[in-house]
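Working through the structure, step by step
Each chain, written out:
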Amino acid sequence: MDFSIKTIDAKTGTTGIKTDCIVVGVFENKKLSQAARELDRKGDIAAALKSGDISGKPGSTLLLRNTDGIASERILLLGMGNEETISEKNFLSAAQALARSLAGLGAKDATLALPLDSVNKRDAAWAIRSIILAIRDNAYRPDTLKSQKDANSNGVRKLAFATGTTDSAAAKNAVAQAVALANGMELTKDLGNLPSNVCTPTYLANTAKKLAKDYKFGIEVLDRRQLEALKMGSFLSVTKGSEEPPKFIILKHMGGKTKDAPVVLVGKGITFDTGGISLKPGANMDEMKYDMCGAASVLGTFRAIGEMGLKLNVIGIVPSCENMPSGRASKPGDIVTSMSGQTIEILNTDAEGRLILCDALTYAERFKPAAVVDIATLTGACVTALGHHNTGLFTRHDDAHDELADELLAAGKATGDTAWRMPIEDSYQEQLKSNFADMANIGGPPGGSITAACFLERFTRKYTWAHLDIAGTAWKSGAAKGATGRPVPLLTTFLLNRAQAGSGRKAA
Ligand code: BES
Ligand code: MN
Ligand code: ZN
């Protein structure tokens, strides 16, 4: 889909817009939006509402054809709910219905004349982004490996947002940012949906190299020998059982001032998690191909900020390997030394995410970061705690961390990619005690997502840090199985907000 801005001619207004389909809003109380009133020269729209052919409920739609005196062949009426205040929720339902309707029309292009700046507490940029994301999500098909693609000959190909002359520059910018975000999410979905025999650590590294070329990022990919030299004993203990070579990817987008401390994103890149010697049960094990969704969200976010030309320094770190059982695999009770020097007793080889992340978090210290955010499909316990709606957000509890947490929560809210804050407290740290090493890699079933975060916390004391557990939000199971592209909207918006706040933040 191609998105653009169309400035409404002051003389002819919406009636003169040349398009295959013009979309206008109608409301539940049988009221018409301003654009709908303009188009309603003969009273067809009012009559449609009066007759009950369209209710005006959020997401209701009705197509009128060949209306007298209107340049557009079709008018698509879109219900937006209550007129007084269009709520966020109602606007999003309307956006989804719009996406489905446009995909089923014979029209090739369409123009939206919707009340984009009338959503409660949100601006036109928010409304534009919501519509573009809904359309791109509706059009997404995970069919790269199907020999027959879904034939999709129907549907609108070009969509213009009609705006007044005064806001057209802001609207153009909003469209460009939303498309960049949608492109980033698409990469994240594609990588997540690819099977582990295609999407290996090497494949992720090659994807990062291609991104670096396309958007002029700095890149380094470290191999096993280099990881040994760095003494990443914890990361290396996870990859031991696998034939696939591990990769440690570093991407650099230096869009800010040279001296500004960067934001570092660290993504868990387990391309398949069998559990290792602590083998997982067979049912639904295929879904553990999604255990690299943290990595995929870092790469997707880089695509988005690269396309936006974001004015901020951002570094992406992706430790990637498989977690496999074999004669060479780590065994329960093995003790390893992490890059930080702390020793870890591996009581369960299935708690491998924290073992690769802890070394990546130590590696992040060298960038003297303004903040570090790690993103990981870390625990089933997080799914139990928060379900599939909210990503788990964990930070320490002091002023600097409360501020970071608030930034991440707000970015999630603004994009409908929400997170919920969970506690990190010393009382939970006690569950990680080991008789033989500095810590164990599991803390038992109670508060499993919290003890996982507490484990990571021990490797992040040199900077401001947040952890996002996306085990419940990165993909959907069942009939609609597929990656969601989350939390790319949250991360991208967080970075955009930081870039807008400007002012080089000092290293923590
Ligand atoms: N990748 C899994 C977490 C996971 C499981 C995400 C199911 C989504 C759905 C992680 O590596 C893991 O296996 N975690 C264990 C930790 C336990 C052994 C302490 C878990 O959650 O069971
Ligand atoms: Mn695991
Ligand atoms: Zn895992």
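Residues numbered from 1 in each chain as written. Chains lettered and ligands numbered in written order. Predicted model: local features only at pLDDT ≥ 70, side-chain atom pairs only at ≥ 80, totals over all residues. Heavy atoms only, no water.

1. Some remarks on the side chain of Arg396
- By the secondary structure assignment, Arg396 is in the loop between strand 15 (391-395) and helix 12 (399-415).
- There is a polar contact of 3.3 Å between the side chain of Arg396 and the side chain of His401.
- If we skip the residues at most four places from it in the chain, Arg396 touches His401, Asp402, Arg421, Ile424, Glu457, Thr460, Arg461, Tyr463 and Trp465. (Helix = DSSP H or I, 4+ residues; strand = E, 2+ residues; numbered from the N terminus. Polar contact = N/O pair within 3.5 Å; in protein donor to acceptor, adjacent residues only side chain to side chain. Contact = heavy atoms within 4.5 Å.)

2. Description of the domain arrangement of the protein
- The domains assigned to the protein are domain 1 (2-140 + 156-163) and domain 2 (182-501).
- Between the C-alpha centres of domain 1 and domain 2 there is a distance of 40 Å.
- The partner domain 2 presents 10 residues to the 8 residues of domain 1 that form the contact.
- Carbon and sulfur atoms make up 44% of the surface buried where domain 1 meets domain 2, a total of about 830 Å² over both sides.
- Three residues stand out in domain 1 for area buried against domain 2, namely Leu133, Arg136 and Tyr140, and they jointly supply 64% of the buried area on that side. (Domains from an automatic or database assignment. Buried area = accessible area lost by both parts, 1.4 Å probe.)

3. Notes on the coordination of the zinc ion (ligand 3)
- Donor atoms from the polypeptide that bind the zinc ion (ligand 3) are Lys268 (NZ), Asp273 (OD), Asp291 (OD) and Glu352 (OE), placed at 2.0 to 2.4 Å.
- One way to put it: the 6 donor atoms around the zinc ion (ligand 3) meet at angles of 78 to 175 degrees, and that makes the site octahedral.
- Every donor residue of the zinc ion (ligand 3) comes from the same chain, spaced as K-x4-D-x17-D-x60-E.
- Between the zinc ion (ligand 3) and the manganese ion (ligand 2), both coordinated by Asp273, there is a metal-metal distance of 3.2 Å.
- By relative accessible area, Lys268 is classed as buried at 2%. (Donors = N, O, S within 2.8 Å, 3.2 Å for Na, K, Ca; no water. Tetrahedral: all angles 85-135°; square planar, octahedral: opposite > 155°, others 65-115°. Buried < 20%, exposed > 50% of the residue type's maximum accessible area, 1.4 Å probe, protein only.)

4. Examining the sheet that holds strand 12 (residues 334-337)
- Spatially, the 3 strands line up as an open sheet ordered 12-13-17, and their pairing is mixed. The sheet terminates laterally at strand 12 and strand 17 (439-440), the two strands that pair on one side only.
- Where strand 12 meets strand 13 (residues 343-346), 4 bridges bridge the pair, whose relative direction is antiparallel. Opposite Thr337, over in strand 13, you have Thr343 as the bridge partner. (Pairing = 2+ DSSP bridges.)

5. Examining the packing of aromatic side chains
- For the coordinates displayed, the defined rule picks out 8 aromatic pairs.
- An angle of 35 degrees between the planes, with centres 5.8 Å apart, marks the rings of Tyr215 and Phe217 as tilted.
- Under the relative-accessibility criterion, Tyr215 is labelled partly exposed at 22%.
- Residue class for Phe217 comes out buried when judged on its relative accessible area of 7%.
- Arranged with centres 5.2 Å apart and planes meeting at 85 degrees, the rings of Phe217 and Phe302 form a pair that is edge-to-face. Of the two residues, Phe217 is situated in the loop between helix 6 (201-215) and strand 7 (218-222) and Phe302 in helix 9 (residues 293-308); the sequence distance between them amounts to 85 residues. The exposure classification of Phe217 matches that of Phe302, with both residues buried.
- Chaining the aromatic ring pairs together yields one cluster made of Phe235, Phe248, Tyr363 and Phe367.
- Note that Lys189 overlies the ring of Tyr140, its terminal NZ or CZ placed 4.9 Å from the centroid. (Phe/Tyr/Trp six-rings, centres within 6.5 Å; stacked < 30°, edge-to-face > 60°. Lys NZ or Arg CZ within 6 Å of the ring centre and 35° of its normal.)

6. Section: the coordination of the manganese ion (ligand 2)
- Listed as protein donors to the manganese ion (ligand 2) are Asp273 (OD), Asp350 (O), Asp350 (OD) and Glu352 (OE); their distances from the metal cover 2.1 to 2.2 Å.
- For the manganese ion (ligand 2), the 6 donor atoms in the first shell make angles of 71 to 168 degrees at the metal, a pattern classed as irregular.
- Taken in chain order, the donor set of the manganese ion (ligand 2) reads D-x76-D-x1-E.

7. Regarding the pairing of strand 15
- For strand 15, the tally of buried residues reaches 5 of 5 residues, placing the bulk of the element in the interior.
- Burial along strand 15 is two-sided: the face carrying Thr391, Leu393 and Thr395 and the face carrying Gly392 and Phe394 are both buried.
- Sheet topology note: the strand 15/strand 16 (residues 419-422) ladder contains 4 bridges and is parallel. By the bridge assignment, Phe394 is partnered in strand 16 with Met422.
- In this structure, strand 15 lies alongside strand 18 (residues 465-469), joined through 4 bridges in antiparallel fashion. Residue pairing across strands places Thr395 opposite Ala466, the latter belonging to strand 18.

8. Let's talk about the site of ligand 1
- Near ligand 1 you find 16 residues, and of these Lys280, Asp291, Asp350, Glu352 and Gly380 are the closest.
- Contact between ligand 1 and Asp273: an oxygen atom at 2.9 Å from a side-chain N or O atom of the residue.
- Leu378 places a polar main-chain atom, nitrogen or oxygen, 3.5 Å from a nitrogen atom of ligand 1.
- Alone, ligand 1 offers 520 Å² of accessible surface; in the complex the protein occludes 76% of this.
- Its residues assigned to classes, the shell around ligand 1 shows 5 nonpolar, 4 polar and 7 charged. (Near = heavy atom within 4 Å. Areas by Shrake-Rupley, 256 points an atom, 1.4 Å probe, with all protein chains shown as cover. Nonpolar A, V, L, I, M, F, W, Y, C, P; charged D, E, K, R; others polar.)

9. Let's talk about helix 15 (residues 488-501)
- Here helix 15 spans 20 Å end to end across 14 residues, near enough to the 20 Å set by a 1.5 Å rise per residue.
- Looking only at helix 15, the buried set comprises Val488, Pro489, Leu490, Leu491, Thr492, Thr493, Phe494, Leu495, Leu496, Arg498 and Ala499.
- Once helix 15 ends, the next one or two residues include Gly502, with phi positive near 60 degrees. (Expected span 1.5 Å × (residues − 1).)

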